[in-house]
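Architecture at a glance
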Amino acid sequence: MKGASSDKLHGKTMAIASNKYWRCDIKGASSGKLRGKTVAIKDNTCVAGVPMMNGSRTLEGFVPDVDATVVSRILDAGGHIVGKSVCEDLCCSGGSFTAATGPVVNPHNKTRMCGGSSSGSAALAMAGYDGGLDPRQPRDLKVPEYTLGVGLLLNFIGDESFIGNNMAFRHGSNAITPRPNWPISHHVGNVYQSTTPPVSETDYNAMEFNLWKSLGSEFMVKSNINHWIACKEGTGSLVEFKTGSVLCRIIKNVASKCHNYVPDQLILHAAGNPAGSTLGPDLIRSQSSSWLKEYYYFESNTRTGNWPTHDPCGTNSLNHLTNVNNPHGNIYIR
């Protein structure tokens, strides 16, 4: 990679030196969807001119002369590669103490491990880097995710921007857009449908729905007008698109009302629609005293008498934050 510069980390604390194997400064294109984003590449992926040892003394001293395809694409999209992150010895450990460069400590508690094999990527994400690249083997990221907590390195699935009367959500012309291609009736969902994976939280697209289950079953809903929640399957499942119970918890209280309230049921809404049709997933709080119990409702039609719901109290009311610029939300799966 022409213009790349790198220097080995010396004199740093173990918490930093053990997370990043090699520091470099490789700037990508002057424009693109990743412009301004800093990325650390897991040290089992080739970056031209930057040493790579895959966590093992066996490869120490090896310097690739080509970029991996995914690295080229990051740079072409404007990403800024700032280093190689430590991985476990030949990526063969779920712990974070086998890398030849030393153990990777848990940022929450330096007496504990971080999980592997993408141990350095996980720790650097906690330190504020925008992204850590991993070839995505099922265990490689899941172990660090669960070791460090929900919200870290979740697989990004989709964005919903809110069209219509954004601050009120009390009119049938409101809808969520774009909608994922989840199995709702096409004659019911009339907003734009996306199958293009987004690259940021404001790149309004959605990954192919049939692929969600290959990434996991737990989901997180993040919004700038309602609470962030993470939910595990009960008898209901978002990725399987099945009505039933879900086990949710608060990740962050955002709205000013009903702190720590969470939904407990997933319903595939069909009320008032043609038989067998649905307007989108509906997360409800069944213990609510209100007749309507919607917490998050992903409604995707602008011609019905329904509208999206973002109510932290689970009453289908206007309890979300208002007067928020660019109200939007994101769905993650792990």
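Above this text is the structure in question.
Okay, so let's go over this structure. Being a predicted model, the structure only gives us computed values, none of them experimental.

A separate point is helix H2 (residues 69–76). Every buried residue of H2 is listed here: Val71, Ile74 and Leu75. One side of H2 holds all its buried residues, which, seen down the axis, span an arc of 95°. Across H2 from its buried face, at more than 90 degrees, point the exposed residues Thr69, Arg73 and Asp76.

A word on the pairing of strand S19 (residues 328–333). A regular strand places its side chains on the two faces of the sheet in alternate fashion. Where burial is concerned, most of S19 is hidden: six out of the six residues are buried. Neither face of S19 is exposed, since His328, Asn330 and Tyr332 on one face and Gly329, Ile331 and Ile333 on the opposite face are all buried. Relative to S19, strand S12 (residues 219–223) runs antiparallel, the two being bridged by five bridges. Note on S19: the bridge partner recorded for serine 223 is glycine 329.

Under the defined criterion, the tally for this structure stands at five salt bridges. The salt bridge involving arginine 57 is made with glutamate 60; its shortest N-O contact spans 3.0 Å. With relative accessibility at 42%, the residue glutamate 60 sits in the partly exposed group. We note a salt bridge from glutamate 240 to lysine 213, for which the minimum N-O separation is 3.5 Å. Of the two residues, glutamate 240 sits in the loop between strand S13 (228–233) and strand S14 (244–252) while lysine 213 sits in helix H5 (residues 212–215), which places them 27 residues apart along the sequence. What makes glutamate 240 partly exposed here is its relative accessible area of 45%.

This part covers the nonpolar core. Formed by 23 residues in total, the largest nonpolar core has its most connected members in Trp182, Trp212, Ile229 and Leu283. Elements with a contribution of two residues or more to this core: H5, S12, S13, S14, strand S17 (294–297) and S19. Judged by nonpolar contacts, the second largest core, of 22 residues, contains Cys24, Ile26, Ile74 and Ala77.

Turning to unusual backbone geometry, a few remarks are in order. In this structure, phenylalanine 241 is a non-glycine residue whose phi angle is positive, near 55°. In this fold, phenylalanine 241 is placed in the loop between S13 and S14. One non-glycine residue, asparagine 260, lies in positive phi territory at about 70°. Along the chain, the position of asparagine 260 falls in the loop between S14 and strand S15 (265–268).

Looking now at the state of the cysteines. Summed over all chains, the structure comprises two disulfides. Note on cysteine connectivity: cysteine 231 is disulfide-linked to cysteine 248, with sulfurs 2.0 Å apart. Its S-S torsion of about 110° marks the bond between cysteine 231 and cysteine 248 as right-handed, since a negative value means left-handed. With cysteine 231 in strand S13 and cysteine 248 in strand S14, the pair connects residues that are 17 residues apart, well separated along the chain. Assessed through its relative accessible area of 16%, cysteine 248 is described here as buried. The side chain of cysteine 258 participates in a disulfide bridge whose partner is cysteine 313; the two sulfur atoms lie 1.9 Å from each other. Disulfide cysteine 258-cysteine 313: torsion about the S-S bond near 95°, hence right-handed.

Here we take up the side chain of aspartate 311. When you line up the elements, aspartate 311 lands in the loop between strand S18 (309–310) and S19. A polar contact is formed between the side chain of aspartate 311 and the side chain of threonine 315, at a distance of 2.6 Å. Those residues within four positions of aspartate 311 in sequence are excluded, and the remaining contacts are Asn226, Glu294, Tyr295, Asn316, Ser317 and Asn319.

Its place among the elements puts glycine 94 in the loop between strand S4 (80–85) and strand S5 (105–106). With 25 residues separating them along the chain, glycine 94 and serine 119 place their C-alpha atoms 8.7 Å apart.

This brings us to the environment of alanine 206. Relative to the elements of secondary structure, alanine 206 occurs in the loop between strand S11 (193–194) and H5. Classification of alanine 206 by relative accessible area gives buried; the value is 0%. With 25 residues separating them in the primary sequence, alanine 206 and asparagine 181 have C-alpha atoms 8.1 Å apart.

Inspection of every chain in the model, using the stated rule, returns eight aromatic pairs. Considering the side-chain rings of tryptophan 182 and phenylalanine 209, the 6.5 Å spacing of their centres and the 75° angle between planes classify their relative orientation as edge-to-face. Here tryptophan 182, found in the loop between strand S10 (179–180) and S11, pairs with phenylalanine 209, found in the loop between S11 and H5; they are 27 residues apart in sequence, far enough to count as distant. Looking at phenylalanine 209, the relative accessible area reads 4%, which means it is buried. Members of the aromatic cluster, joined through ring pairs, are Trp182, Phe209, Trp212, Phe241, Tyr295, Tyr296 and Phe298.

Conventions used here
Residues numbered from 1 in each chain as written. Predicted model: local features only at pLDDT ≥ 70, side-chain atom pairs only at ≥ 80, totals over all residues. Heavy atoms only, no water. Buried < 20%, exposed > 50% of the residue type's maximum accessible area, 1.4 Å probe, protein only. Helix = DSSP H or I, 4+ residues; strand = E, 2+ residues; numbered from the N terminus. Arc of directions from axis to C-beta. Pairing = 2+ DSSP bridges. Salt bridge = Lys/Arg side-chain N within 4 Å of Asp/Glu carboxyl O. Core = buried A, V, L, I, M, F, W, Y, C linked by side-chain atoms within 4.5 Å. Disulfide = S-S within 2.5 Å. Polar contact = N/O pair within 3.5 Å; in protein donor to acceptor, adjacent residues only side chain to side chain. Contact = heavy atoms within 4.5 Å. Phe/Tyr/Trp six-rings, centres within 6.5 Å; stacked < 30°, edge-to-face > 60°.

Shape is all these values report; function is a separate question.
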